Amino acid sequence: MSSTITVNITDNVLPMITCPGVAARNTDANLCTYTIAGVEFNPTVSDNCSAVNTTYSLTGATTLASPLAPNSIRSLNGIVLAKGVTNITWTVTDASGNMAMCGPFAVTVTDMQTPVIVATAPSGSFNATPANAAALTIGTATASPAAPLCDGQYKWNHPTVTDNCMPLVFPAPAMLTM
């Protein structure tokens, strides 16, 4: 007489996942974004039995979900984050369908690059008396009256401004009256 014994082995152990912590980065030079380099924001994952599938989700300033492909480990290497706060959540699933998550953790991208401002020379007319002689300086441009300044009007256009995080907003053209 023979007998058969069936033993079912079930993996009910969750995979392990650890996320990096909160981070702050400056925008890349001459850009209004930050490009993730290497594995700096990738989680550490492990499982007791089998390969794992790791996916991510980005919300906030940057919105993106990783593509779904079985048995793969995703990386954020090369992902471009917009200026502001992006929240990153990682999910790991093993071959038995056990799932674990970590996050969200925040990555704040800040614009620390100063704008470049080029001033334009003022133009104007003077009505002057010797008692109030003066010169007007705007940026690197200086206007001096032919005669001492008493009253007059200078007009100038907005300076030329460039910035890695455009657009910049300016009020109406400036005018200085003396």
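Placed above this text is the structure.
A short tour of the structure in this document, coming up. (Residues numbered from 1 in each chain as written. Predicted model: local features only at pLDDT ≥ 70, side-chain atom pairs only at ≥ 80, totals over all residues. Heavy atoms only, no water.)

A closer look at the overall build of the protein
Keep this limit in mind: Strands are runs of DSSP state E lasting at least 2 residues, helices are runs of H or I lasting at least 4, and numbering of each runs from the N terminus. Accessible area is worked out with a 1.4 Å probe on protein chains only. A residue is then buried under 20% of its type maximum, exposed over 50%, and partly exposed in between. Residue contacts are defined here by distance: any two heavy atoms, one from each residue, within 4.5 Å place the two residues in contact. All accessibility values rest on the Shrake-Rupley procedure with a 1.4 Å probe; residue burial counts only the protein chains present in the view.
Helix and strand counts for the protein come out as 0 helices and 16 strands. Here the protein, with 178 residues, has 29% of them falling under the buried criterion. In the protein, of all internal contacts separated by at least 6 residues, the share reaching a separation of at least 24 is 57%. For the protein, the accessible surface area stands at approximately 10,900 Å², while carbon and sulfur atoms represent 59% of it.

Section: a nonpolar patch on the surface
Put simply, the rule reads: Each patch is built from residues that are more than 30% exposed by relative accessible area and take part in no salt bridge. Like charges join if they lie within 9 Å; nonpolar side chains (Val, Leu, Ile, Met, Phe, Trp, Tyr) join within 5 Å. Note on definitions: salt bridges are taken to be side-chain nitrogens of Lys or Arg within 4 Å of carboxyl oxygens of Asp or Glu.
Where nonpolar side chains cluster on the molecular surface, the patch consists of Ile5, Val7 and Ile9 and spans about 410 Å² of accessible area. The residue Ile5 is located in the segment before β1 (16-18) in this model. Exposure remark for Ile5: the relative accessible area of 71% places this residue in the exposed category.

Digging into the side chain of Thr89
Along the chain, Thr89 falls in strand β8 (residues 84-94). In this view, Thr89 contacts Thr55, Tyr56, Ser57, Met101, Cys102, Gly103 and Pro104; residues no more than four positions away in its chain are not counted.

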